[in-house]
Amino acid sequence: MNGSLVGAALRAASARASLPVLGSAKPQVRASDAARLEARQRQGPREPLRRSLLAWTAAAAVLTGCERRSTCPDGWCGTAVSAGAEPDVLLPPVSQIDVGAWLGDLLFSKLADLGSAPTTVGDQGFEPRLAERWAWEDSITLRFSLNPRAHWHDGTPVTARDVVFSFDVYRDPAVNSGARPLLGRIASVTAADSHAVVVRFSQPYPEAFYDAVYHVRVLPAHWLDTVPRARLAQHPFGRHPVGSGPFRFVRWEAGQQVELAGDSSYFLGRPGLRRVIWRVVPSMATLVTQLAAGETDIGFVLGAPELIQQLRGVASLRLWPYAINAYGYIGFNFRDPANPARAHPLFGSAEVRRALSMAVDRRSVVSAVLGEVGDVPEGPLTRGSWIWSDSLRALPFDTAGARHILDRLGFRPGPDGIRRRAGRRLEFELLVPVTSGLRRSSAVIVQEQLKRVGVAVRISELDISTVMARARAGRFDAAYLSWVQDPSPRALEQEWTTRGIGASNYQHYSNPAFDRLVQQATLEFDRDRARALWQQAVALINQDAPAIWMYVPGALVAVHQRFQDVALRPDLWMAWLWKWRVNPDALLPRDLAVVP
């Protein structure tokens, strides 16, 4: 998924329109009546919440600042405050940035999920979620049995109808979910009965089970089945969701914070934390300042050495190094923003793209903005991928070669040093998320490096939602994005194959030879042959230069010392947050607050 804080990168929407009322047998929601939906959800599950007089007394004391309790009044306390960019929407199939995905994983459940030793081949090591068990009926038929205790946060049971509906949503071109390219080998999803789902694949392949469970968060059909698919991203449900995960939605204060509450009746066991708050902050520097001051409990901190160093001296924090499988890149639009039916006047040319890539000294950029905590990618992957090889090489830094290409293409330096051809300046706009200090700093260096070979870059710093909206609509020349890869190398299929156009392939990059290599690698059961095919695909895309592969960030997760049972899953650091708890002897006032 694209990241807004990893940087933050990827998901969007257009203008709001009047939306239909959901069916009469369902909760009644109009687009103009989001407040009613929020009020309904604040009630939580239909099972009444029982709080003792002591709990209310303690909470009142906390809220008025008159008293601080050192013990948990009713045996279930703990608030985790984290911070970062604001999510775009809390509806997984249409979320376009990493924060939306992180919070979405706390609100919504999958059929099964990765365990402590993530593997994407076969079904060993996966942990039950909505499905309590599964079995292969033959090489292409998989049957899931749902947990009968699973329920939505409004109290409605989760059924096979919800699962079938969710796969249909994720695979619908009108929705254009980023996961859609990865679900193409699923031939059908049907309900055998109210608690049994049968998934059939078009052919056997190594990651069939992974595809069936990892990419799809199950959605409540009784809330969404009458919503036009093309309007899902704008529907009020995305800001007032009803899920089946360990946490339920409480409120979203725009530009301020999102609050979640532990679901006391969660079918896999009550979460260790009673409340999660995600604060919206303008930058990574602000997040670090809040962590150091004790205002925030948990922080995912990328890159900047000075920020990481600032946290090393904070006694209240534990720092967990985190090898995030992500890379930042400057992606070129292959289509003309003014007329998508035409090739981009500059970036439709592979030679122009190669020249620009060769003109950027990526190693000096990484050294300047990341120091020793960053790496230079040799393609759209990281060293953490099992397909990595030291033999992979992106285009080299070669300013003489870049100038030679541009000269040969007829771009001649003008009086101001900027090249021109047929009276047109060699100039383009680069979109950069304003919340990413890493990309903002490195964009300025790239701007100066390209100027030296006669290329003018106009940097447009915009909020991440605007960047992603323009990227998805194709209204850009180049965009400085980042991509958080799934554990499988098929993230390349998601973002860089023709199948991904309209979803996560914002650049409209398309090469049939690349597509074929990815297809062959995906179907290959022999790991060595699969690795060789993947590496051929990477070598090919490096020559096509659809992007400048800029950096691989170092990262750490800072966690307040009072949290216990802390564990970070390698592919998604917040995935096990629901298992964390607060030491009862180290409670802070915010740990005792009453949850609506």
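Okay, so let's go over this structure.

### Focus on the packing of aromatic side chains
Centre distance and the angle of the planes are the two values used to describe a pair of aromatic rings.
Next up, step 1: Inspection of every chain in the model, using the stated rule, returns 27 aromatic pairs.
Next up, step 2: Ring centres of Phe201 and Tyr205 lie 6.0 Å apart, and the angle between their planes is 80°; this geometry places the pair in the edge-to-face category.
Next up, step 3: Looking at Phe201, the relative accessible area reads 2%, which means it is buried.
Next up, step 4: Overall, the relative accessible area of 4% leaves Tyr205 in the buried class.
Next up, step 5: By way of ring pairs, the aromatic residues Tyr327, Tyr329, Phe334, Trp496, Tyr509, Phe514 and Trp549 are connected into one cluster.
Next up, step 6: Taking NZ or CZ as reference, Arg185 lies 5.5 Å from the ring centre of Tyr205, over its face.
Next up, step 7: Of note, Arg527 hangs over the ring of Trp386, and the distance from its end group to the ring centre comes to 3.9 Å.

### Observations regarding the environment of Arg353
Next up, step 1: Note that Arg353 resides in helix α9 (residues 350–359).
Next up, step 2: Discounting chain neighbours no more than four positions away, the residues touching Arg353 are Phe332, Phe334, Phe347, Gly348, Asp544, Ala545 and Pro546.
Next up, step 3: A polar contact of 2.9 Å, which involves the side chain of Arg353, links it to the backbone oxygen of Asp544.

### Regarding the pattern of salt bridges
Side-chain pairs of opposite charge can arise whenever the charged atoms involved come near each other.
Next up, step 1: Scanning the model with the defined rule gives 37 salt bridges in all.
Next up, step 2: Across the salt bridge formed by Asp390 and Arg383, the nearest N and O atoms sit 3.4 Å from each other.
Next up, step 3: The exposed category is assigned to Asp390, whose relative accessible area is 55%.
Next up, step 4: In this structure Arg383 comes out as partly exposed when scored by relative accessible area, which is 47%.
Next up, step 5: One continuous salt-bridge network, built from bridges that share partners, spans Arg185, Glu207, Asp211, Arg490, Glu493 and Arg499.

Rules used throughout
- Residues numbered from 1 in each chain as written.
- Predicted model: local features only at pLDDT ≥ 70, side-chain atom pairs only at ≥ 80, totals over all residues.
- Heavy atoms only, no water.
- Phe/Tyr/Trp six-rings, centres within 6.5 Å; stacked < 30°, edge-to-face > 60°.
- Buried < 20%, exposed > 50% of the residue type's maximum accessible area, 1.4 Å probe, protein only.
- Lys NZ or Arg CZ within 6 Å of the ring centre and 35° of its normal.
- Helix = DSSP H or I, 4+ residues; strand = E, 2+ residues; numbered from the N terminus.
- Contact = heavy atoms within 4.5 Å.
- Polar contact = N/O pair within 3.5 Å; in protein donor to acceptor, adjacent residues only side chain to side chain.
- Salt bridge = Lys/Arg side-chain N within 4 Å of Asp/Glu carboxyl O.

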